[in-house]
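The chain contents come next:
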Amino acid sequence: MNIAVCAKRVPLSGGRWELTADNLDIDTSGASVGFTTSPHEECAAEAAVQLVEQLGGSSTVITLGVADSEEQVRSLLAVGVDRGVIIETDGSEWDPQATASALTEQIKAGSPEGAYDLVLLGTEAADTADFQVGIRMAHALGWPVVTNVKGMTIDGGVARCERAVGSAREVYEVTLPAVITVKDGLNIPRYPSVPGRIKARKKPVDTVIIEKPAARLEKVRLDLAVEEARSAEILGTGVDAVPALVEIFKNIGVL
Amino acid sequence: MILVLVDHDRGVLDATSVQALTAARALDSDVEVLLVGAAGRDAVAELATYGADTIHLAVHDTLTDYAPLASAKAALELVSSRSPRGIFTTGTPRGNEVLAHIAAILDAPMAAEVLSVTFGDAGVHEVVRNRWGGNLTETARVHNDLLLAAFAPHAIRAENATGAGNVTEFTPNLDAADTAVRVIDRTGGAATGVGLAEARVIVSGGRGVGGPEGFDVIEQLADLLSGAVGCSRVVTSNGWRPHSEQVGQTGTKVAPDLYIACGISGATQHIAGCRTSKTIIAINTDKDAPIMGYAHYAVIGDAQTILPELVAATRAAKE
Ligand SMILES: Cc1cc2nc3c(=O)[nH]c(=O)nc-3n(C[C@H](O)[C@H](O)[C@H](O)COP(=O)(O)OP(=O)(O)OC[C@H]3O[C@@H](n4cnc5c(N)ncnc54)[C@H](O)[C@@H]3O)c2cc1C
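Every value quoted in this text rests on a predicted model; they were computed, and no experiment measured them.

Peer 1: I'm lost on the site of the ligand in this one. Help?
Peer 2: In the vicinity of the ligand lie 32 residues, with R207, S232, S265, Q269 and N284 of chain B positioned nearest. Mapping the residues near the ligand onto chains gives chains A and B. T250 of chain B is positioned with one of its backbone polar atoms (N or O) 2.9 Å from an oxygen atom of the ligand. The separation between a nitrogen atom of the ligand and a polar main-chain atom of A303 of chain B is 2.8 Å. If you list the elements that add at least two residues to the shell around the ligand, you get α6 (233–237), α7 (268–271), β16 (279–284) and α8 (303–318) of chain B. Within the shell around the ligand, the residues separate by chemical class into 11 nonpolar, 17 polar and 4 charged.

Peer 1: What is the right way to read the pattern of salt bridges from this model?
Peer 2: Residue and element names in this part refer to chain A. Under the defined criterion, the tally for this structure stands at 37 salt bridges over all chains. A salt bridge links K183 to E124, with the shortest nitrogen-to-oxygen separation between them at 3.5 Å. Of this pair, K183 sits in the loop between β11 (178–182) and α5 (194–202) while E124 sits in the loop between β6 (118–122) and α4 (133–141), and the two are 59 residues apart along the sequence. By relative accessible area, which is 18% here, K183 ends up buried.

Peer 1: Before we go on, may I ask you to explain the environment of E309 of chain B in this structure?
Peer 2: Structurally, E309 of chain B is set in helix α8. A residue is classified by how much of its surface remains accessible, and E309 of chain B, at 44% relative accessible area, is partly exposed. For the pair E309 of chain B and I264 of chain B, spaced 45 residues apart in sequence, the C-alpha to C-alpha distance is 19 Å. Excluding its chain neighbours within four sequence positions, the residues that come into contact with E309 of chain B are V239 and V242 of chain A.

Peer 1: Is there a simple way to explain helix α6 (residues 242–251) of chain A in this structure?
Peer 2: Residues separated by three or four positions in an α-helix point in the same direction, a consequence of the helix having 3.6 residues per turn. Residues and elements named next belong to chain A. Along α6, the residues that are buried comprise V242, L245, V246, I248 and F249. In a view along the axis of α6, the buried residues occupy a sector of 155°, so they form one face of it. Exposed and facing more than 90 degrees away from the buried side of α6 are P243 and N251. Once α6 finishes, G253 follows within two positions and takes phi at roughly 75°, a positive value.

Peer 1: Explain the nonpolar core to me, please; I cannot follow it from the model alone.
Peer 2: One broad rule of soluble globular proteins: the nonpolar side chains tend to lie buried together. In this structure, L120 and I180 of chain A together with L34 and I102 of chain B are the most contacted members of the largest nonpolar core, which totals 92 residues. At 8 residues, the largest contribution of residues to this core is made by helix α1 (residues 39–55) of chain A. Setting aside its immediate chain neighbours within four residues, L34 of chain B contacts L3, V4, L5, V6, H56, A58, S71, A74, A75, L78 and F170 of chain B. In this structure, V6, Y50, F119 and A140 of chain B belong to the second largest nonpolar core, which totals 33 residues.

Peer 1: Looking at this structure, how should I read the domain arrangement of chain B?
Peer 2: Bring the parts together and some accessible area is lost; that lost area is often taken as the interface size. Residues and elements named next belong to chain B. Parsing chain B into structural domains produces domain 1 (2–179) and domain 2 (201–318). One C-alpha centre belongs to domain 1, the other to domain 2, and the line joining them spans 36 Å. On the side of domain 2, 6 residues touch domain 1, which itself brings 4 residues to the contact. Carbon and sulfur atoms supply 37% of the area buried between domain 1 and domain 2, which totals about 420 Å² over both sides.

Definitions and limits used
- Residues numbered from 1 in each chain as written.
- Chains lettered and ligands numbered in written order.
- Predicted model: local features only at pLDDT ≥ 70, side-chain atom pairs only at ≥ 80, totals over all residues.
- Heavy atoms only, no water.
- Near = heavy atom within 4 Å.
- Polar contact = N/O pair within 3.5 Å; in protein donor to acceptor, adjacent residues only side chain to side chain.
- Helix = DSSP H or I, 4+ residues; strand = E, 2+ residues; numbered from the N terminus.
- Nonpolar A, V, L, I, M, F, W, Y, C, P; charged D, E, K, R; others polar.
- Salt bridge = Lys/Arg side-chain N within 4 Å of Asp/Glu carboxyl O.
- Buried < 20%, exposed > 50% of the residue type's maximum accessible area, 1.4 Å probe, protein only.
- Contact = heavy atoms within 4.5 Å.
- Arc of directions from axis to C-beta.
- Core = buried A, V, L, I, M, F, W, Y, C linked by side-chain atoms within 4.5 Å.
- Domains from an automatic or database assignment.
- Buried area = accessible area lost by both parts, 1.4 Å probe.

Structure representation (structure tokens):
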């Protein structure tokens, strides 16, 4: 089985976000800002690696992003994905329609092992939360799609998928080839091992460049969420503060 | 006219999905609603109490349970026959999903996580929407005549109003492929203890709790306060607690009266899930941890020594 995982490089801050002067992007120049992939996509990669371990085949991570996205691609190769493809951008954002069509072209092109049987993505991207790229890809490919998946098994070319509804789970079944968009909690992604990281350096990562279409969901500006700047009232240090905590429990009526 | 897709589960109205109806009614006096599946009949009376006048009910032999593509196809028939200027949903998993199918079929842009909408002329509309789990907002232009918008859940409170509740049933043109992906079974459901999303009090633990055993006292404190246990992603990714307890952008969003964050740094993705809690208390060894900028009260110190004392004192106070 040949599996594609679509994942994205996104900034990660230890503290609050700051914006660039033109209000168009997150300021990533600060020392506390790094980059990562979303938990949803880490779970998608873990699922791909597990399925290939179980059923054989290959896995490919495909990302649309700047050349430096190689860092995130290699980190997924380090947990066992076989190869990467970077659809390289200049760092400006692609809207969900443009993203879906660029990714779809890569799926149609197939992997060196043959046509893809399964595309895994996060249900939504960490930064833009558009909730639609996987569904658009499925329509462009003529494949079925299940979203919000938190449990998945594949047997005889059929994927059995579960999604959470309150405390219950809904069950869906689709015949492959299919697109499945997953959520954090699908599995516990493994940490890259040292040999995994060393192997990842040698795995193939291809770069393709295509033209960016005009945005139809066009970002005009970003703003920080309005929030009262708070500074916690320090009740004390260590166990000495316990009586003050109990007092607060009483005051707000939870005791 | 704005068409609103309202959801029900086997006849029980999804109260969250009604928020999009309130959003639409604030923008247009002409709003119509689509319900899909014969069981939707049971949701009509309640739906009318949210001001629904015209309700289209899509009925088909194959529509026995939720099937996203079939719902989208039913909505597309109304796009042809009723020519709405917008289709609104609430961004529940189903609301986002059905709208994205519509967007994909029409090859039209779709805005998710929407907070507000301004219809424009000449096929360009403006939306304000959440990004990064609500830590940022984006103002965006949507280039299409028909505006497809999924509202961020709970950004708008559903308001009651008297609606006529007139129902028109129709049979959409569906083939087998439209219901190939549908709910075929359900599992679980009997929740034990207080559910995270509904809990009035949440005692949450992060890396600073030290390990799975550190959650014993957190469970005890949650029990004493009739609350639920929460945790950070570091905790679930270490396998200390199940993912169902994770609070945050990729976990559950909660808004309890009291949120106690023990050994949690306060990363924006964690805060995205608990920022609207009425009172936040942090217990953390680091007085400069980001959580201090969100908490109302804090205790500086080792959660592993403070929590057992707090459990004892809380128990004593209850007696
Ligand atoms: C797209 C995306 C989505 C994410 N979604 C989520 C999500 O849904 N939920 C979530 O939680 N995270 C999420 N994360 C991860 C998030 O960025 C942080 O990594 C995570 O929240 C940190 O967990 P933590 O606070 O337990 O650990 P840390 O950040 O390591 O913080 C531990 C804290 O404990 C304190 N501490 C240490 N020892 C003690 C002690 N003995 N007593 C008291 N305090 C102590 C430290 O001072 C520190 O502040 C997401 C990340 C991304 C990129």
